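Secondary and tertiary structure notes
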Amino acid sequence: MAERTHMTYHAAAADAPWRRYLELTKPRIVALMLFTAVVGMVLSTPYPVPWERALFALLGIGLAAAAGAVMNHVADSHIDGMMRRTQGRPLPTGDVERAGAIAFALLLAATGMAVMVAWVNTLSALLTFFAMIGYALFYTLLLKRTTPQNVVWGGAAGAAPPVLGAAAVAGEVTVQSLLLFVIIFIWTPPHFWPLALHRAEEYRQADLPMLPVTHGFEFTKSQIVSYTVLLFAVTLLPFALREAGWIYLAGALVLGLGFIRHAIRLQQGAGAEHAMATFRYSIQYLFALFALLILDHFSNAV
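Described in the following lines is the structure provided in the data block. (Residues numbered from 1 in each chain as written. Predicted model: local features only at pLDDT ≥ 70, side-chain atom pairs only at ≥ 80, totals over all residues. Heavy atoms only, no water.)

**Overview of the pattern of salt bridges**
As a reminder, the rule being used: Salt bridges are counted wherever a side-chain nitrogen of Lys or Arg sits within 4 Å of a carboxyl oxygen of Asp or Glu. Helix numbers and strand numbers start at the N terminus; a helix is a DSSP run of H or I with at least 4 residues, a strand a run of E with at least 2. Only protein chains enter the accessibility calculation, which uses a 1.4 Å probe; a residue is then buried when its area is under 20% of its type maximum, exposed when over 50%, and partly exposed in between.
In total, this model carries nine salt bridges according to the counting rule given. The residue Asp 76 makes a salt bridge to Lys 144 at a minimum N-O spacing of 2.5 Å. A residue pair is termed long-range when its members are at least 10 positions apart, and Asp 76 in the loop between α4 (51-75) and α5 (77-80) and Lys 144 in helix α8 (residues 122-146) qualify at 68 residues. On the basis of relative accessible area, Asp 76 is assigned to the buried category, the value being 0%.

**Quick word on the side chain of Asn 121**
Note the threshold: Contacts described as polar in this section are N or O atom pairs within 3.5 Å, which, within protein, must combine one atom able to donate a hydrogen with one able to accept it, while residues neighboring in sequence count only if both atoms come from side chains. In what follows, a contact means two residues having at least one pair of non-hydrogen atoms within 4.5 Å.
You can see Asn 121 is positioned in the loop between α7 (98-119) and α8. Among the residues examined, Asn 121 registers a relative accessible area of 17% and is labelled buried. Polar side-chain contacts of Asn 121 include one of 3.3 Å to the backbone oxygen of Ala 168. Excluding anything up to four places from it in sequence, Asn 121 contacts Met 116, Ala 167, Ala 168 and Gly 171.

**Comments concerning the environment of Leu 142**
Relative to the elements of secondary structure, Leu 142 occurs in helix α8. Given a relative accessible area of 40%, Leu 142 falls into the partly exposed group. Between the C-alpha atoms of Leu 142 and Glu 201, which are 59 residues apart in sequence, the distance is 21 Å.

**Considerations on the packing of α4 against α7**
Inclusion rule: Interaxial angles span 0 to 180 degrees and are taken between N-to-C directions of axes, which are lines fitted to C-alpha atoms, for helices over the stretch in contact. Angles below 35 degrees are treated as roughly parallel, those above 145 as roughly antiparallel, those between 65 and 115 as roughly perpendicular, and all remaining angles as oblique. Here a crossing is taken to be left-handed if its near helix is turned anticlockwise relative to the far helix by less than a right angle, and right-handed if that turn runs clockwise. The classification used treats Ala, Val, Leu, Ile, Met, Phe, Trp, Tyr, Cys and Pro as nonpolar, Asp, Glu, Lys and Arg as charged, and all other residues, Gly among them, as polar.
Where α4 contacts α7, the axes come no closer than 8 Å and their chain directions differ by 155°. As summarised for this structure, α4 and α7 are arranged roughly antiparallel, according to the angle between their axes. Note that α4 runs across α7; the crossing there is left-handed. The class makeup of the residues in the contact of α4 with α7 is 21 nonpolar, three polar and two charged.

Set out below in structure tokens:
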């Protein structure tokens, strides 16, 4: 059944090759990044967001993030072909040629930077460029291949969109955007490590030093618990610093305790399936937490 579905998908892809190029951009991840950028925009100014500039900023940030994702596919194409989770991606299957993917990445990057410089501002353009390079080169080519702390330090690039959004509409890096940056930065390890637990054998075969491979499952689970507790504390900062109100606080407490519960169940040996449940919850958690910030912001503005 799985083989038939795989063949059907590739037959469809052959009829619409643009879909495989779209897949290279990791659209779901880019969508979540753009959502966090919007939150950074909204919280960065007490005035109505200048939506014309904001839309251009989202276009530029989205194109740059997509370019980084394509570069990641290019750099990891050999590794992707060795892992069951990723061997169906466009480059390992040959649906997209390496040269075509590189050209696509350069086109996305150049267009994104041009949009940011021409219709947003220089500060946000520079920050967007460094975030793109940080993910595509610093994380993918260096950290991912050399240290089990790759997810920790590589998370800085993924945490950048709120700062980029704030810089786009406010012309500066705001306190609010830095708080959002810290939240995403601390969220990234307990978000990704459950997936790494689930796919540890594949990472081992690909010779990637993910934490479960280098330090074992029990240590990784304890780190997930530690980071979720730290994340719980960090998410209280917007309320403590009077950047968010009671609506946000109530939601952050419930969501944070839910995340800690998942992490503790995982540590107590709930199995590989719960690793994926924790991974899925972490995505829902971040979306809900940032949605609460928007709700709280507008409720206080009324």
